[in-house]
Amino acid sequence: MFNPVIRRLLMIAASLALIAALHVVVSQSIPGTVERAAACNPCDCPQDQRINCQGVEFYAVYTRVTTSGACFMEAWRMNPGGQPFRVWRVSSRTLASVPEFPENNMLIRREQGIALYRLTSGEYQVNAGPDGEGKIYAARFTNCPAENVQESSYLNRE
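Attention here is on the structure that accompanies the text.

About the thresholds
- Residues numbered from 1 in each chain as written.
- Predicted model: local features only at pLDDT ≥ 70, side-chain atom pairs only at ≥ 80, totals over all residues.
- Heavy atoms only, no water.
- Buried < 20%, exposed > 50% of the residue type's maximum accessible area, 1.4 Å probe, protein only.
- Helix = DSSP H or I, 4+ residues; strand = E, 2+ residues; numbered from the N terminus.
- Pairing = 2+ DSSP bridges.
- Salt bridge = Lys/Arg side-chain N within 4 Å of Asp/Glu carboxyl O.
- Axes fitted to C-alpha atoms, helices over the stretch in contact; angles between N-to-C directions.
- Core = buried A, V, L, I, M, F, W, Y, C linked by side-chain atoms within 4.5 Å.
- Contact = heavy atoms within 4.5 Å.
- Polar contact = N/O pair within 3.5 Å; in protein donor to acceptor, adjacent residues only side chain to side chain.

### Quick look at the pairing of strand β6 (residues 124-128)
And step 1. With four of its five residues buried, β6 lies for the most part within the structure.
And step 2. In textbook terms, the turn of a hairpin is the stretch between consecutive antiparallel strands, and for strand β5 (residues 114-118) and β6 this stretch comprises five residues, one of which, G122, has a positive phi near 95°.
And step 3. Sheet analysis places β6 next to strand β7 (residues 135-142), joined by five bridges and oriented antiparallel. Across the sheet, residue V126 finds its bridge partner in β7, namely A139.
And step 4. Counted along the chain from β6 to the antiparallel partner β7, the turn is six residues long, and its residue G129 has a positive phi close to 135°.

Listed below in structure tokens is the structure:
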């Protein structure tokens, strides 16, 4: 009925919901329990190589290395009720052409609400959104493949 990618996403979402519910029950029943999620976030699961943990039902970002060792970046839109689709791909050649420390934050690519920037700090940042609830997600990281990923989200007030 569903294609394999959608089926996998639905299974992951259902598993995460169950694990989160169990965590709440256990953490509330044991005095002194530290509030820490035991769930496997999609970007921490071996079968899912995305770098973002937030907004996973909305978008996915990957940094991939080819067999020749070149690294590229991709952004995908999660299409509820349909197939996920690639929004953009940025080649290793394009990444190499961008200054390591630009004078101003530099837009590298933007399509369908997902943008890749090179920051003055030398980091990369992907902004995605707003989603259906008005949230905008940001994933900031170093290098390709991604390292030191930090995420945030905020409500679009416009």
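### Overview of the pattern of salt bridges
And step 1. All told, the structure shown has five salt bridges when counted by the stated rule.
And step 2. Here E74 and R86 are joined by a salt bridge, their closest N and O atoms 3.3 Å apart. Of this pair, E74 sits in strand β2 (residues 71-77) while R86 sits in strand β3 (residues 85-90), placing them 12 residues apart in sequence.
And step 3. Where E123 meets R140, a salt bridge forms, and the shortest distance between an N and an O atom there is 3.4 Å.

### Observations concerning unusual backbone geometry
One can expect most non-glycine residues to show negative phi and most peptide bonds to be in trans.
And step 1. Residue P130 is reached from G129 by a cis peptide bond, and omega for that bond is 10°.
And step 2. Omega for the bond connecting C144 with P145 falls within 30 degrees of zero, at 5°, which places this linkage in the cis form.
And step 3. Look at Q112: it is not a glycine, yet its phi comes out positive at around 45°.
And step 4. Of note, N143 is a non-glycine position whose phi angle comes to about 65°, a positive value.
And step 5. Using a relative accessible area of 40% as the deciding quantity, one classes N143 as partly exposed.

### Looking at the sheet that holds strand β1 (residues 59-65)
And step 1. Strand order in the open sheet formed by three strands is β1-β2-β3, and the pairing between neighbours is antiparallel. In this open sheet, the two edge strands, each paired with only one partner strand, are β1 and β3. Shown here is a sheet whose adjacent strand axes are inclined to one another by a mean of 20°, direction ignored.
And step 2. Judged from the five bridges that link them, β2 and β3 form a sheet pairing that is antiparallel. Its bridge partner being in β3, E74 is matched across the sheet by R89.

### Focus on the nonpolar core
For soluble globular proteins, nonpolar side chains are generally found buried alongside one another.
And step 1. Core analysis: the largest hydrophobic core is formed by 20 residues, its most contacted members being Y59, M73, W88, I114, L116, Y124 and V126.
And step 2. In this structure, L116 is in contact with M73, W88, V90, L95, M106, L107, I108, R109, Y124, Q125 and V126, ignoring residues within four places of it in sequence.

### With respect to the sheet that holds strand β8 (residues 147-155)
And step 1. In spatial order, the strands read β4-β5-β6-β7-β8; together these five strands make up an open sheet with antiparallel pairing. Of all the strands in the sheet, the pair left with one neighbour each is β4 (106-111) and β8. Each neighbouring strand pair of the sheet contributes to a mean axis angle of 15°, computed without reference to strand direction.
And step 2. With seven bridges connecting them, β7 and β8 associate as antiparallel partners. The residue of β8 that forms the bridge with K135 is L155.

### Looking at the side chain of E123
And step 1. Tracing the chain through its elements places E123 in the loop between β5 and β6.
And step 2. The exposure class of E123 is buried, given its relative accessible area of 17%.
And step 3. Engagement of the side chain of E123 in a polar contact is seen with the side chain of R140, the distance being 3.4 Å.
And step 4. In contact with E123, other than residues within four places in its own chain, are Y117, R118, R140, F141 and T142.

Scope: geometric values only; no functional claims are made or implied.
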